[in-house]
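Analysis of the macromolecular model
So you can see what is in the structure, the chains are spelled out below.
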Amino acid sequence: MPLKTENNFHQPGKRFFRAYRPGDDFYEALIETHRDLSDEQSARVNARLVLLLCNQVGDLGLLREAMAIARKGVVAEDDDAT
Amino acid sequence: MFLTYDNPVYDYARSPDQSAAEPVHHPLIVVGAGPVGMAAAIDAAQRGLQVLLLDDDNTVSVGSRAVCYSKRCLEIMDRLGCAEPMIEQGVTWNVGKVFFRDELVNQFDLLPEAGHKIPAFINLQQYYLEEYMVRRMDDLDNLEVRWRNRVVEIDNAPERVMLGIDTPDGRYRLSCDWLIVADGANSPIREQLGLESRGQWFQDRFLIADVVMKAGFPPERWFSFDPSYHRGQSTLLHRQSDDVWRLDFQLGWDADPEEEKKPERVIPRVRAMLGEETEFELEWCSVYTFRCRRMERFRYGRALFVGDAAHQVSPFGARGANSGVQDSDNLIWKLALVMQGRAPQRLLDSYSDERVQAAEENILNSTRSTDFITPKSTMSRIFRDSVLELCRDFPFARQLVNSGRLSDTAFLIDSELNTAEDPDFCGDMVPGAVMLDAPIEGPDGERWLLDTAGGPFVLYCYLGESGGLSQQTRAALHALAGASIPVQSFVVVAAGAAAEEHATVIDREGLFAARYDARPGSCYLVRPDQHLCARWRSFDAHSVAAAVARATCNG
Ligand SMILES: Cc1cc2nc3c(=O)[nH]c(=O)nc-3n(C[C@H](O)[C@H](O)[C@H](O)COP(=O)(O)OP(=O)(O)OC[C@H]3O[C@@H](n4cnc5c(N)ncnc54)[C@H](O)[C@@H]3O)c2cc1C
């Protein structure tokens, strides 16, 4: 299974009438998770979140692909390498 | 004063009421001749009520505020006889573009499919909208407007409302059965009654400038995050009529609003955005902070709050005037039934319930947009910028970009006025939804489905190709038309089907069938505000009567 790059946010059992709604619900929950945290605390929350979600995905091939995409563009020298 | 627009002046005229010994009584008074108060007054007059509208000023909006009017707002304006000049003078647009660091990252089309009378959005200066509404009010004999009448006292008693009104000739008093409060975001009446609109301020400032220019930009909404000419902030460019363009500049919380309003500060910003070679003149500008808030309820006894007085949103999403007009749309038919003694006052509580739900949704969407545009923490900003960075290659991220979710309608699916539906329907036309339009041919030459609804309750009975109403059904439909709350009915047939004896709507392009998931036999009951309140797979007169009773709190 390839990495999903199309919008994939949904909530089983819940009906959405607007296409933007599930994504916005997700994004609000994400920002809310970081509310009132220091930068360091936020970084730790992110690390834990990544670990939990990686285990949920499980497939190492997918995870490596996502990791490469996430890194690309953030570190300047990696840009040319790909 | 403005380069492209002269504010009309509406004269104050002394009313005989001002000389009366006792306060004169009016059944219905509306306070505030903004877009929402005028929509309420026009609708009430069209529904046969005697209306008095009071406004403390003598002209329309000075300087433009609202710019974008949604399809639903225009559909309502169409019913009120105001949409035509709006669409003619306004700029029709469908496409929005989002840029991040000068690169296009997302583009959306608001009305990707054909088969609607009204465009997705038009842009028009608020003063034009108000001017057209004033003109429409002149046509209505049962609507009286009193300019320079400022309500300064109110007593919201259980049996009637008393008002004290200041005019150039001094103060006078009036009483009324029902008061519609449309006196804007700072609502003096709300204050006087000790009621509150609660919510949050956003810690950011925005310079809003209208400039006149002949420019080759298309009539699209261009929202830019972190553009090279305004680093670290966002901007918006949008066309209005008369070659006036709306520009927004995010300034940040620390900006000095008085300084930023000065032309010597504004003009370099505009020049940086538009390019050195573009000639322009500054028409109007102002610096705003925005807030989202609402009243707990919109009905307090005989006082009914609508528009900005009841709720306020940040303008990303254009949900202010657009939603206020929908308040009025929801309220007036209910108020008319109550005033005519055909429904209990409880029906007015459903106005509050339904529009509070809609306001919640508008506030939610506006708040989310504002949070995306103005991230509150370092981590929020990193997430925001990461979304924008991923947009180019990854479609999912485009969906998360939030530069304003433009005004749409609430689905009132939890409303008590709805009747439970047959479970096998698909599609969005659920009880509580606003009707989708469709090209049709109606019995009186109507070309659009929405033109057949909006007066009384309406029942659409879909027959498809098959045709043929039974004698019994025809008699039942006839009886519904004569009920104390009349139901007008149409049979809907596919193009080319045999004509019916009953008032017939021809589904010209099959879009009624598609949009309403209609099969032969399907019936749809529509409220006077063009919201569905029930649908069935087959006609049953008792079910229709029960659904009407439910939708009017007569059940
Ligand atoms: C920069 C900006 C951009 C916006 N863009 C959009 C947009 O694109 N789309 C959109 O839909 N909305 C937009 N809005 C919001 C929109 O302008 C308001 O939601 C709309 O004007 C509300 O209408 P209203 O009739 O409720 O109140 P108002 O327009 O404020 O009207 C209130 C009226 O009541 C009168 N009044 C007040 N007190 C009294 C009194 N005591 N007695 C008698 N009369 C009184 C006032 O004179 C006024 O005429 C924008 C707002 C701003 C500031």
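Residues numbered from 1 in each chain as written. Chains lettered and ligands numbered in written order. Predicted model: local features only at pLDDT ≥ 70, side-chain atom pairs only at ≥ 80, totals over all residues. Heavy atoms only, no water.

**Remarks on the interface of chain A and chain B**
Filter applied, for reference: Here a residue-residue contact requires only that any non-hydrogen atoms of the pair lie within 4.5 Å. Each of two parts loses accessible area, computed with a 1.4 Å probe, when they are put together; buried area is these two losses added. The salt bridge definition used is simple: a Lys or Arg side-chain nitrogen within 4 Å of an Asp or Glu carboxyl oxygen. Any pair of N or O atoms that falls within 3.5 Å is considered a polar contact. Within protein, one atom must be able to donate a hydrogen and the other to accept it, and sequence-neighbouring residues count only if both atoms are side-chain atoms. Each helix is a run of DSSP H or I of at least 4 residues and each strand a run of E of at least 2, with the numbering of both proceeding from the N terminus.
Across the contact, 24 residues belong to chain A and 27 residues belong to chain B. Summing both partners gives a buried area of about 2,400 Å² for chain A against chain B, and 58% of it is carried by carbon and sulfur. Looking only at chain A, the three residues that lose the most surface to chain B are Phe17, Tyr20 and Tyr27 of chain A, adding up to 27% of its buried area. Our count for the chain A to chain B interface comes out at 5 salt bridges. One salt bridge connects aspartate 408 of chain B with arginine 18 of chain A, and the closest N-O pair in it is separated by 3.4 Å. In this structure, the connection of chain A to chain B is made through 11 residue pairs in polar contact (both at pLDDT 80 or more). Where the side of chain A that touches chain B is concerned, the elements lending two or more residues are helix 1 (21–33) and helix 2 (39–57) of chain A. In terms of residues, the side of chain A that touches chain B owes the most to one element, helix 1 of chain A, which gives 9 residues.

**Observations concerning the sheet that holds strand 4 (residues 91–93) of chain B**
Residue and element names in this part refer to chain B. What counts is decided by this rule: Pairing between strands is defined by DSSP: at least two bridges between the two strands are required. The axes are straight lines fitted to the C-alpha atoms, using for helices just the contacting stretch, and the angles between their N-to-C directions are given from 0 to 180°.
The strand order 3-7-4 describes an open sheet built from 3 strands, whose pairing is antiparallel. Since the sheet does not close on itself, it has two edges, and those belong to strand 3 (68–70) and strand 4, each with one partner. Direction aside, neighbouring strands of the sheet carry axes that sit 30° apart on average. Of the strand pairs in this sheet, strand 3 and strand 7 (residues 121–123) are connected by 3 bridges, and their pairing is antiparallel. Note on strand 7: the bridge partner recorded for serine 70 is phenylalanine 121.

**Observations regarding unusual backbone geometry**
Glycine aside, residues mostly have negative phi angles, and peptide bonds mostly take the trans form. To keep things clear, this is the line we draw: The buried label applies to any residue whose accessible area, calculated with a 1.4 Å probe on protein chains only, is under 20% of its type's maximum; exposed applies above 50%, and partly exposed to all values in between.
Despite not being glycine, aspartate 36 of chain A has its phi angle at roughly 65°, a positive value. Tracing the chain through its elements places aspartate 36 of chain A in the loop between helix 1 and helix 2. Judged by its relative accessible area of 71%, aspartate 36 of chain A falls in the exposed class. Phi at aspartate 243 of chain B takes a positive value of approximately 60°, unusual for a residue other than glycine. As for its placement among the helices and strands, aspartate 243 of chain B is situated in the loop between strand 15 (234–239) and strand 16 (244–250).

**Thoughts on the site of the ligand**
All names here are of chain B. We apply this condition: By convention in these notes, a residue is near a molecule or strand provided one of its non-hydrogen atoms lies within 4 Å of it.
Taken together, 31 residues are adjacent to the ligand, and Asp55, Asp56, Arg65, Cys68 and Asp308 come closest. One of the backbone N or O atoms of valine 36 is found 3.0 Å from an oxygen atom in the ligand. Interatomic distance of 2.8 Å between a side-chain N/O atom of aspartate 55 and an oxygen atom of the ligand. Sorting the residues of the shell around the ligand by element identifies helix 1 (35–46), strand 9 (150–156) and helix 8 (320–339) as the ones contributing at least two each.

**As for the domain arrangement of chain B**
All names here are of chain B. Heads up, the rule is: Boundary definitions for the domains trace back to an automatic or database domain assignment. Amino acids outside the nonpolar list (Ala, Val, Leu, Ile, Met, Phe, Trp, Tyr, Cys, Pro) and the charged list (Asp, Glu, Lys, Arg) are all regarded as polar, and Gly is one of them.
We note that the domain assignment places domain 1 (16–78 + 125–197 + 297–365) and domain 2 (439–551) within chain B. A straight line from the C-alpha centre of domain 1 to that of domain 2 covers 32 Å. Taken together, the contacts link 12 residues of domain 1 with 13 residues of domain 2. The junction of domain 1 with domain 2 conceals about 920 Å² of combined surface from both sides, 46% of it contributed by carbon and sulfur atoms. Considering only the side of domain 1, the residues that lose the most area to domain 2 are Arg47, Trp333 and Arg342, jointly responsible for 50% of the buried surface there. Our enumeration of links across domain 1 and domain 2 arrives at 1 salt bridge. Counting the contacts that link domain 1 with domain 2 gives 8 residue pairs in polar contact (both at pLDDT 80 or more). Only helix 2 (71–79), helix 8 and helix 9 (346–373) provide two or more residues apiece to the side of domain 1 that touches domain 2. In terms of residues, the side of domain 1 that touches domain 2 owes the most to one element, helix 8, which gives 5 residues. Residues that form the side of domain 1 that touches domain 2 fall into these classes: 3 nonpolar, 1 polar and 8 charged.

**Side note on the packing of helix 8 of chain B against helix 9 of chain B**
Residues and elements named next belong to chain B. Condition: By definition in this entry, angles of less than 35 degrees are roughly parallel, angles greater than 145 are roughly antiparallel, angles of 65 to 115 are roughly perpendicular, and the rest are oblique.
Where helix 8 contacts helix 9, the axes come no closer than 9 Å and their chain directions differ by 170°. In terms of axis orientation, helix 8 runs roughly antiparallel to helix 9. Touching Ser323, Gln326, Asp327, Asn330, Leu331, Trp333, Lys334, Leu335, Leu337 and Val338 of helix 8 are Leu347, Leu348, Ser350, Tyr351, Glu354, Arg355 and Asn362, all from helix 9. Classifying every residue of the contact of helix 8 with helix 9 by side-chain character gives 8 nonpolar, 5 polar and 4 charged.

**So, the pattern of salt bridges**
Residues and elements named next belong to chain B. Per the stated rule, a full pass over the model turns up 54 salt bridges over all chains. When the shortest N-O distance is used, the salt bridge between lysine 97 and glutamate 220 registers 2.9 Å. Taken as a pair, lysine 97 in strand 5 (residues 95–100) and glutamate 220 in the loop between strand 13 (206–212) and strand 14 (221–225) lie far apart in primary sequence, 123 residues in all. In this pair, the class of lysine 97 matches that of glutamate 220, namely buried. For arginine 265, the salt bridge goes to glutamate 260, with nearest N and O atoms at 2.6 Å.

**Re empty space enclosed by the protein**
Residue and element names in this part refer to chain B. The test is simple: Here a cavity denotes a set of grid points, spaced 1 Å apart and computed over the protein atoms alone, in which a 1.4 Å probe fits but from which it cannot get out, and a pocket denotes an open set meeting protein on both sides within 12 Å along at least five of seven lines; residues with an atom within 4 Å of a point are reported as lining. Grid points are joined across faces, edges and corners, and a volume is the space filled by probe spheres set on the points.
As enumerated under the stated definition, the model contains 2 cavities of 30 Å³ or more in all. Volume-wise, the largest cavity comes out at about 70 Å³. In terms of lining, the largest cavity is formed by Arg319, Ser323, Gln326, Arg355, Ala358, Glu361, Asn362, Asp408, Thr409 and Ala410. Mapped onto the lining of the largest cavity, the elements with two or more residues apiece are helix 8 and helix 9. Take the lining of the largest cavity: its biggest share by element is 4 residues, from helix 9. In this model, the second largest cavity occupies a volume close to 50 Å³. Around the second largest cavity sit Arg72, Gln326, Asp329, Asn330, Arg355, Thr409, Ala410, Leu412, Val434 and His531, which together line it. Considering each element in turn, the lining of the second largest cavity owes the most residues, 3 residues, to helix 8. Partitioning the lining of the second largest cavity into residue classes produces 3 nonpolar, 4 polar and 3 charged.

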